[in-house]
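Residue strings, one per chain:
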Amino acid sequence: KDNFDKTVAESDTVVVDFWAPWCAPCRFFSPVFEAASENHPGVVFGKVNTEEEPELAGMFGIRSIPTLMILREKVILYSEAGALPANALEDIVTKAQALDMVKVHEEIAKDRAGEGEPGA
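Conventions we followed
- Starting afresh in each chain, residues are numbered from 1 along the sequence in its written order.
- Whole-chain, interface and lining totals are the exception, using all residues; otherwise, since this is a predicted model, local features are given only for residues with pLDDT of at least 70 and side-chain atom pairs are given and counted only at 80 or more.
- Hydrogens and water molecules were not included; the side-chain quantities draw on all heavy atoms of the structure.
- Secondary structure elements are defined from DSSP: runs of H or I of at least 4 residues count as helices, runs of E of at least 2 residues count as strands, and each element is numbered from the N terminus.
- Throughout this description, buried means an accessible area under 20% of the type-specific maximum (1.4 Å probe, protein chains only), exposed means over 50%, and partly exposed covers the range between.
- For helices, the fitted line uses only the C-alpha atoms of the stretch in contact; every axis is such a line through C-alpha atoms, and the angle between N-to-C directions lies from 0 to 180 degrees.
- What sets the label is the angle itself: under 35 degrees gives roughly parallel, over 145 gives roughly antiparallel, 65 to 115 gives roughly perpendicular, and the rest give oblique.
- Handedness of a crossing follows from how the near helix is turned relative to the far one, being left-handed for an anticlockwise turn of less than a right angle and right-handed for a clockwise one.
- When checking whether two residues touch, look at their non-hydrogen atoms; a contact exists if any pair is within 4.5 Å.
- In this classification, Asp, Glu, Lys and Arg are treated as charged, Ala, Val, Leu, Ile, Met, Phe, Trp, Tyr, Cys and Pro as nonpolar, and every other residue, Gly included, as polar.
- As used in this structure description, the phrase polar contact means that two N or O atoms lie within 3.5 Å; if the pair is within protein, one of them must be able to donate a hydrogen and the other to accept it, and residues adjacent in sequence are counted only when both atoms belong to side chains.
- Cysteine sulfur pairs qualify as disulfides if the two atoms are within 2.5 Å.

Considerations on the environment of E107
Position of E107 among the secondary structure elements: in helix α5 (residues 101-115). Given the relative accessible area of 42%, E107 is considered partly exposed. Along the sequence, E107 and F45 sit 62 residues apart, while their C-alpha atoms lie 26 Å from each other.

As structure tokens, this is what we get:
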């Protein structure tokens, strides 16, 4: 919690693993997560222990662990519960890195502008 906002603000891409020590699937996913972090040196990989950081887990609506979240330019691009196999994690991180964030931000702006219109 102490450095989450700063990390997201200062990093282009952040991959977060929400986990807990008692969670068996979390423990199985941990080496996959570690290996992915080594394959993507320009991406920040972080782990949030939901037992120690319940406020942070609550802020993101984490109800099931492990939950993987990918943020890029402060936008949540991916958030799913469940342990992923290595190839699926690689694919998701690679796709997040390849996204045209100018288009993503334009879509977000359009959606926000449309929220104020009647019938939107």
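Focus on the packing of helix α2 (residues 24-39) against helix α4 (residues 86-98)
The interhelical angle for the contact between α2 and α4, taken along N-to-C directions, is 40 degrees, at an axis separation of 10 Å. The pairing of α2 with α4 is recorded here as oblique in orientation. Between α2 and α4 lies a crossing of right-handed hand. Counted together, F29, V32, F33, A36 and N39 of α2 and A86, L89 and E90 of α4 form the full contact between these two elements. Here the residues of the contact of α2 with α4 are counted per class, giving 6 nonpolar, 1 polar and 1 charged.

Focus: the side chain of T50
Within the element layout of this structure, T50 appears in the loop between β2 (44-49) and α3 (54-59). The exposure class assigned to T50 is buried, which follows from its relative accessible area of 13%. Not counting the four nearest positions on each side in its chain, T50 is found in contact with F18, W19, A20, A57, I62 and I65.

A short note on the side chain of D17
Secondary-structure assignment places D17 in strand β1 (residues 13-19). Engagement of the side chain of D17 in a polar contact is seen with the side chain of K47, the distance being 2.8 Å. Those residues within four positions of D17 in sequence are excluded, and the remaining contacts are F29, F33, G46, K47, V48, P66 and T67.

With respect to the state of the cysteines
Summed over the entire model, instances satisfying the criterion amount to 1 disulfide. There is a disulfide in this structure between C23 and C26, and the S-S distance comes to 2.4 Å. The sign of the S-S torsion, about 80 degrees, decides the handedness of the disulfide formed by C23 and C26: right-handed. C23 sits in the buried class, given a relative accessible area of 4%.

Regarding unusual backbone geometry
Omega for the bond connecting I65 with P66 falls within 30 degrees of zero, at -5 degrees, which places this linkage in the cis form. By the secondary structure assignment, P66 is in the loop between α3 and β3 (67-72). You will see that E73, though not glycine, has its phi angle at about 50 degrees, which is positive. With respect to the helices and strands, E73 occurs in the loop between β3 and β4 (75-81). Non-glycine residue K74 carries a positive phi angle of around 70 degrees. Turning to its location among the elements, K74 is positioned in the loop between β3 and β4.

Taken by themselves, the reported measurements are silent on function.
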